[in-house]
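Fold and geometry: a report
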Amino acid sequence: MTDASGDSASAARRSTLYRLIDADLTSESLMGCLAEYYATNPEFTVEATQIHGTPAVAIWGIVGRKDQADWCATFRSLTGKFARVSNASAAGAILVGAPGGPYAVTYGMGHLLIDPSKIDPGFGLSFSIRAIEADYIRQVTRNILDSRARVDRSTVPGGQSIRGFGIEHYGEVVSRLAGTLGSVSMTFNRIKPKKVSIAAADSLKIPLGVKPIDLIGDLNEITRVSQTASPVPELGFIDQIRALKPTNRQVARLEDKLARALGSANGEPLALTLPAECEEHEHAANSYRIKIASDRFEVIEELDITNVLDRLAPLAVNDRLDALRAGYIQMCSDHEGREKVSRQVKAHKWLAFEASLESDHYFHHQGRWFEVGDNYLQFLRERLDEVFARTPSIPLPKWEGEWEEEEDYNLEAVKKIPGAICLDRKRIHTKQHPHGIEACDIIGPNNELIHVKRASSSAPLSHLFAQGWTSIDALRSDRQARNELLKRIRQRSSTHSYDPSAKPKKLIYGIAIKRDATVSRENLFTFSQVALMRAINALENADVDVEVVPIPQ
């Protein structure tokens, strides 16, 4: 049985819901939330209306109507048969000026009818972490902050605790959740308790009432949960860091700040950082091809932020980011720039930048923007301050001015650490790591793995932190890696006590930043703090003690 609208007689229908931004609750303002192409297309019907006394706009039509499908010509070429078929998809949307919104309910391909810049990013996710049952999560989609833009999607059809997905609270951005909706008062369960599944990202896939009074009641309940309910304790971390989509309304303001900083970075939190895809080639880089705001590339041996700024400063502010995205930086193993060891990586992916808008904090990393919540930053700061305050078990000597290279420092440092051996640039190769990894720069007298980095800013340090975890993971899980490390040690010492049957128990990060006399949590970029916290958590979960030791200069 169906009602006059063609819907099932059931009280609720699974729909896709968006929350809209930069719009009032009037029909005129709702009209401005439609994608212009469809709002002005004569094949689509657009009408102002009301739903239970609430202003609304309805739009419907056919998307992709063509005389024949795109593949028909290829089909005829291969078979000689003329397939007379076409593609057409129904699309409908209802924009509702309900308090707490406005909202848009879409059907079929209806999401295409909404102006993307008017969609509230992360709305569905924000609702779900306040209403979903943490023990019945069916699917999680996440992005590893310092990975090569890797997206991981884990599915458990029957659902499980969020803890079972092994999400790292620091350094992983959850972008989608699917699971069982908890205790809310909506049409689908108002008469009889009922469990339903929802999926949440920017949108929210959820059963909504099919009668006007029920739809408005459901939207009011969604508003109540979104505005007044606290996140489920196990899920609160999800709301504390999120990636911004290019259509986010804040991105244009952030990119304007970045473009202005590119003209003169004095005092600005701007630096070069190593793109994740280039990390494994860092040890081999002796020169760089750089092509920014030019028709040809140049070869330079030392890469610094000034190499980028000098090329961008003469440009108009509005042209600088376009020049970065069109340009590239490429790593080469020789000094002449002939032997390439990385691909041409777009220049904007080499930049790290931080900015605040009003009371919100953002950072640009690997070509993307992220927003960081206040609670996240506060916990991060307190935790890292505690780590930096630990008394080092091996005090690292001062970095003297005449030591330009890290190898110079490491060779001199081991002279002042009895029983230590310098292993800088002594990579180990295994089946798991055919390109090689650095087990450490210095191995201490009691098998402490010491990783040393002197950077022009804190931006490149995220690579150091990831490198430390990679070496520990390899040495703990792979006997071949431990045996290879023993070979490297024996090339330098026949008496060091390293035992390849024993797994490493301590890792020390030794850090120096040029032009900074001391290193502390305060002079680390936010994303470097995130990378360090992620490494510390992973190491401590593996029963490895971690120390962060500032190197005096």
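Described below are features of the structure shown in this document. (Residues numbered from 1 in each chain as written. Predicted model: local features only at pLDDT ≥ 70, side-chain atom pairs only at ≥ 80, totals over all residues. Heavy atoms only, no water.)

1. Some thoughts on the layout of surface pockets
Unfilled space is identified by rolling a water-sized probe across the atoms. Here the second largest pocket is characterised by a volume of approximately 1100 Å³. In this structure, the second largest pocket is lined by 41 residues; those nearest its centre are P121, R242, A243, L244 and E371. Of all the secondary-structure elements, those providing two or more residues to the lining of the second largest pocket are α4 (123-131), β6 (132-144), β8 (172-181), β11 (241-243), α6 (249-261), β18 (360-365), β19 (368-372) and α9 (374-388). In the lining of the second largest pocket, the residues fall into 17 nonpolar, 12 polar and 12 charged. (1 Å grid on protein atoms, 1.4 Å probe; cavity = no way out; pocket = protein on both sides within 12 Å on 5 of 7 lines; lining within 4 Å. Points joined across faces, edges and corners; volume = space filled by probe spheres on them. Helix = DSSP H or I, 4+ residues; strand = E, 2+ residues; numbered from the N terminus. Nonpolar A, V, L, I, M, F, W, Y, C, P; charged D, E, K, R; others polar.)

2. Section: the sheet that holds strand β16 (residues 345-346)
Strand order in the open sheet formed by 4 strands is β14-β13-β15-β16, with antiparallel pairing between adjacent strands. Across the chains shown, the open sheet's two edge strands, defined by having one partner strand only, are β14 (298-300) and β16. Summarising the sheet, strand β13 (residues 287-291) and β14 pair through 3 bridges and their orientation is antiparallel. The residue bridging I290 from the neighbouring strand is E298, located in β14. On the sheet, helix α7 (residues 305-312) packs against β13, β14 and β15 (328-332) and is oriented at approximately 20° with respect to β13. (Pairing = 2+ DSSP bridges. Contact = heavy atoms within 4.5 Å. Axes fitted to C-alpha atoms, helices over the stretch in contact; angles between N-to-C directions.)

3. Considering the side chain of N41
Among the secondary structure elements, N41 is positioned in the loop between α2 (36-39) and β2 (45-51). A distance of 2.9 Å separates the side chain of N41 from the backbone nitrogen of E43, its partner in a polar contact. (Polar contact = N/O pair within 3.5 Å; in protein donor to acceptor, adjacent residues only side chain to side chain.)

4. Quick look at the packing of aromatic side chains
One pass over the full model with this rule turns up 12 aromatic pairs. Between the aromatic rings of W71 and F75, the centroid separation amounts to 5.5 Å while the plane-to-plane angle is 65°, which identifies the pairing as edge-to-face. Members of the aromatic cluster, each reached through a chain of ring pairs, are F363, F370, F525 and F527. Looking at R76, its charged tip hangs above the ring of F82, at a distance of 5.0 Å from the centre. (Phe/Tyr/Trp six-rings, centres within 6.5 Å; stacked < 30°, edge-to-face > 60°. Lys NZ or Arg CZ within 6 Å of the ring centre and 35° of its normal.)

5. Some points on the packing of α4 against helix α5 (residues 212-228)
Viewed as axis vectors pointing N to C, α4 and α5 meet at an angle of 80°, and their least axial separation amounts to 9 Å. If you check the angle between α4 and α5, you find them roughly perpendicular. On α5, the residues touching F123, F127, R130 and A131 of α4 are I222, V225 and S226. Residue composition of the contact of α4 with α5, grouped by class: 5 nonpolar, 1 polar and 1 charged. (Parallel < 35°, antiparallel > 145°, perpendicular 65-115°, else oblique.)

6. Some words on the environment of K416
Locating K416 in the fold gives a position in the loop between α10 (406-413) and β20 (421-422). With relative accessibility at 55%, the residue K416 sits in the exposed group. For the pair K416 and Q250, spaced 166 residues apart in sequence, the C-alpha separation works out to 51 Å. (Buried < 20%, exposed > 50% of the residue type's maximum accessible area, 1.4 Å probe, protein only.)

7. Some words on the pattern of salt bridges
Side-chain pairs of opposite charge can arise whenever the charged atoms involved come near each other. For the structure shown, the criterion picks out 23 salt bridges. When the shortest N-O distance is used, the salt bridge between E221 and R224 registers 2.9 Å. Here E221 pairs with R224, and both are found in helix α5, just 3 residues apart, close to one helical turn. Judged by relative accessible area, R224 falls into the partly exposed class, the value being 39%. The salt bridge partner of E547 is K506, with a shortest N-O separation of 3.3 Å. (Salt bridge = Lys/Arg side-chain N within 4 Å of Asp/Glu carboxyl O.)

8. Looking at the sheet that holds strand β24 (residues 545-550)
Across the sheet, 5 strands lie side by side as β20-β21-β22-β23-β24; this open sheet has mixed pairing. What marks the edges here is a single partner per strand, and that holds for β20 and β24. Its contacts with the sheet put α10 on β20, β21 (442-443) and β22 (449-455), and the angle it makes with β22 is roughly 140°.

9. Side note on the nonpolar core
By size, the foremost hydrophobic cluster in this structure holds 52 residues, and its most contacted members are I443, L461, F465, L475, Y509, I511 and L532. Put simply, the parts of the chain that give this core at least two residues each are β19, α9, β22, α11 (461-477), α12 (479-492), β23 (506-513), α13 (526-541) and β24. Of all the elements, α13 adds the most residues to this core, at 8 residues. Residues contacting L461, with those up to four places away along its chain left out, are K453, A455, I511, I513, L524 and S528. I129, L215, I216 and I238 belong to the second largest nonpolar core, which has 40 residues in total. (Core = buried A, V, L, I, M, F, W, Y, C linked by side-chain atoms within 4.5 Å.)

10. Digging into α10
For α10, every residue scored as buried is listed here: Y409, N410 and A413. End-on, the buried residues of α10 take up no more than an arc of 95°, which puts them together on one face. Buried residues belonging to α10 abut β20, β21 and β22. (Arc of directions from axis to C-beta.)

11. Focus: the side chain of R311
Tracing the chain through its elements places R311 in helix α7. Among the residues examined, R311 registers a relative accessible area of 16% and is labelled buried.

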